[in-house]
Amino acid sequence: MENDFLLKSLDIAKIYYKIDEPLAQKSTFKVGSTAAIYIIPKTTEEFISVTGAVNASEEKYFILGGGSNVVFPDKPFDGVIISTECLNNFTKTDDDLPDNLPPDTVLIKCQAGTRIQTLVNFCTKSNISGLEEFAGLPGTVGGALYMNARCFNKSISDIIYDTTSFTVLKHQKLTEKTSPFNPQEWDYKKSPFQTQKDQPAKIITEATFILKQKSPKEHDDIEKACQKFIKERQDKGHFKYPSAGSVFKNNHLFGKPSGQLIDEAGLKGTIIGGAQIAPFHGNFIININHASADDIKELVKLAKKTVKEKFNFDLENEIIFLEN
């Protein structure tokens, strides 16, 4: 990619970036080549400014959080990655709350790049309840909101108080807007930020979670709950190999989870290249031997084709393939 104007703009604004940055270690799949430009804004203002500048340059771009749900391409990504890794501050409010909230309510406002596990650790230490099911979840607040992450029958949308985002519009100043939670905009692994290709992108900058302040004597209960959910993840094999967790969404109306359908289709353990449909979980694809993005993609195609033929069910991707 050649975009001297964009690079000069970043230099003038003193916004940190890297050229031809390796991507594999920035994802939980440990797959991928390099990004032509990798930008790390240090403030929300820089984040908004950079996104607007990249969009105006008409370069392809991708907003990267924790990399826990993305497969980077095997060939160099001829575009821009904008990382939220420095946007990781959060603040707690338990006074001056709106009158309609119970007195034990705690609001925690988090920047998009805040690691979910960092937030869980803070809440556990502070005797704050509401995030226990998300203990051990890799990734960031922004990614969890975008996907409406769901863990152990609880969705991140169940604890959202409000969200702050900006809409990427050409030839217009990009400004943040804070919106109260509207349940009609959210569904199972669906969020208002999953815009279509022909729609302006809505980029998350912050979210406020509505949680409960518990007493110190309840600390052990919160900690035990977190450890229980982490152990369940371990027992299911979440951390055995590089992966992105669930590859496909479940369809609760169908009656069987996607992993069970893949298992009943006889695909568990199937290997293509260095990737495998996990022998211990039908809805996981794991990197067992220097897998490529194409290896993972071929397993996804195989699972979709076989499940469609056997059960007349269309598997829907949960993971995102970044394309050139």
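Keep in mind the model is a prediction, meaning the values are calculated, not measured.

Draft legend 1. Structural view of helix α3 (residues 116–125). Every buried residue belonging to α3 is among I116, L119, V120, C123 and T124, and all of these are buried. Along the long axis of α3, the arc covered by the buried residues comes to 135°, so they all point the same way. On the buried face of α3, the contacting elements are β6 (90–93), β7 (105–111), β8 (128–129), α4 (141–147), β13 (202–213) and α5 (219–235). At the C-terminal side of α3, N127 shows a positive phi close to 60°.

Draft legend 2. Up close: the sheet that holds strand β1 (residues 17–22). Here four strands make up an open sheet; going across it, the order is β1-β2-β5-β3 and the pairing mixed. Each having just a single partner strand, β1 and β3 (61–64) make up the two edges of the open sheet. Strand-to-strand twist across the sheet, computed as the mean angle between neighbouring axes with direction ignored, equals 30°. Here β1 runs beside strand β2 (residues 34–39); their pairing, made up of five bridges, is antiparallel. Bridging from a neighbouring strand, K18 pairs with Y38 of β2.

Draft legend 3. Local environment of a nonpolar patch on the surface. A contiguous nonpolar patch, built from Y241, I271 and I288 and spanning about 260 Å² of accessible area, is present on the exposed surface. Mapping Y241 onto the fold places it in the loop between α5 and β14 (243–246).

The rules behind the values
Residue positions are counted from 1 within each chain, in the order its sequence is given. Totals for whole chains, interfaces and linings use every residue, but because this is a predicted model, local features are given only for residues with pLDDT of at least 70 and side-chain atom pairs only at 80 or more, for both listing and counting. Excluding hydrogens and water, the side-chain figures rest on all heavy atoms present in the structure. We call a residue buried when its accessible area falls under 20% of the maximum for its residue type, exposed when it is over 50%, and partly exposed in between, using a 1.4 Å probe and counting protein chains only. Secondary structure elements follow DSSP: runs of H or I of four or more residues count as helices, runs of E of two or more count as strands, with numbering from the N terminus. Each C-beta atom gives one direction from the helix axis, and the arc is the one those directions make. The contact definition used throughout considers only heavy atoms, calling two residues in contact when any of these lie within 4.5 Å. A pair of strands is considered paired only if DSSP assigns at least 2 bridges between the two. Orientation is described by axes fitted as lines to C-alpha atoms, over the contacting stretch for helices, and by angles from 0 to 180 degrees between their N-to-C directions. Exposure above 30% relative accessible area and the lack of any salt bridge qualify a residue for a patch; like charges then connect within 9 Å, and the nonpolar side chains Val, Leu, Ile, Met, Phe, Trp and Tyr within 5 Å. Surface accessibility in these figures is a Shrake-Rupley result with a 1.4 Å probe; residues are shielded only by whichever protein chains are displayed. What counts as a salt bridge is simple: a side-chain nitrogen of Lys or Arg found within 4 Å of a carboxyl oxygen of Asp or Glu.

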